[in-house]
Amino acid sequence: MRKVIDLSKYNTVTDWSKVKTVVDGVFLRAGYRGYGSGKIVEDPRFAEYARACKSHGIPFGLYFMSQAITA
């Protein structure tokens, strides 16, 4: 079984070298749709975390969190 973590603006990573030793990959939240405004927003830490994964050789994938804004 592989270990994969999910990271977004709600997570703080201070030691990417440590992350690389304990996970096989990372899912990054690329963005989301705000339920109040309906606007599509990039996750504030997406670019930072993508760069960190690339520079530390950590495989990563992306997802987008969406919500319906009408019935």
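Structure report, in brief. This one's a predicted model, so the numbers in the text were calculated from it and none came from an experiment.

### A short note on the overall build of the protein chain
In terms of helices and strands, the protein chain carries 2 helices and 4 strands. Beginning at the N terminus, the succession of helices and strands in the protein chain can be written as β-α-β-β-α-β. With the C-alpha coordinates of the protein chain rotated into their principal frame, the extents come out at 45 × 25 × 15 Å. Taken across its 71 residues, the protein chain has 30% of its residues classed as buried. In the protein chain, the share of contacts with a sequence separation of at least 24, taken over all contacts with a separation of at least 6, comes to 53%. Put simply, the protein chain shows about 5000 Å² of open surface, and 55% of that area lies on carbon and sulfur atoms. One finds the centroid of the 11 positive side-chain charges in the protein chain at a distance of 2 Å from the centroid of its 6 negative side-chain charges.

### Regarding the pairing of strand β2 (residues 25–33)
Each regular strand shows side chains that alternate between the opposite faces of the sheet. Of the strand pairs in this sheet, strand β1 (residues 4–7) and β2 are connected by 4 bridges, and their pairing is parallel. In the sheet register, Val4 faces β2, and the bridge partner there is Gly25. Pairing of β2 with strand β4 (residues 60–65) involves 6 bridges; the strand directions are parallel. Residue pairing across strands places Phe27 opposite Gly61, the latter belonging to β4. In this sheet, strand β3 (residues 40–42) lies alongside β2 in antiparallel orientation, the contact comprising 3 bridges.

### Quick look at the environment of Ile58
With respect to the element layout, Ile58 can be found in the loop between α2 (46–56) and β4. When the C-alpha positions of Ile58 and Thr12 are compared, they lie 16 Å apart, and in sequence the two are 46 residues distant. Setting aside anything within four residues of it in sequence, one finds Ile58 in contact with Trp16, Val19, Lys20, Gly25, Val26 and Cys53.

### Quick look at the pattern of salt bridges
One pass over the structure, following the stated rule, counts 1 salt bridge. When the shortest N-O distance is used, the salt bridge between Asp43 and Arg29 registers 2.8 Å. Of this pair, Asp43 sits in the loop between β3 and α2 while Arg29 sits in strand β2, and the two are 14 residues apart along the sequence. With a relative accessible area of 1%, Asp43 lands in the buried category. Under the relative-accessibility criterion, Arg29 is labelled buried at 8%.

Rules used throughout
- Residues numbered from 1 in each chain as written.
- Predicted model: local features only at pLDDT ≥ 70, side-chain atom pairs only at ≥ 80, totals over all residues.
- Heavy atoms only, no water.
- Helix = DSSP H or I, 4+ residues; strand = E, 2+ residues; numbered from the N terminus.
- Buried < 20%, exposed > 50% of the residue type's maximum accessible area, 1.4 Å probe, protein only.
- Contact = heavy atoms within 4.5 Å.
- Areas by Shrake-Rupley, 256 points an atom, 1.4 Å probe, with all protein chains shown as cover.
- Lys, Arg positive; Asp, Glu negative; His and termini not counted.
- Charge placed at Lys NZ, Arg CZ, Asp CG, Glu CD.
- Pairing = 2+ DSSP bridges.
- Salt bridge = Lys/Arg side-chain N within 4 Å of Asp/Glu carboxyl O.

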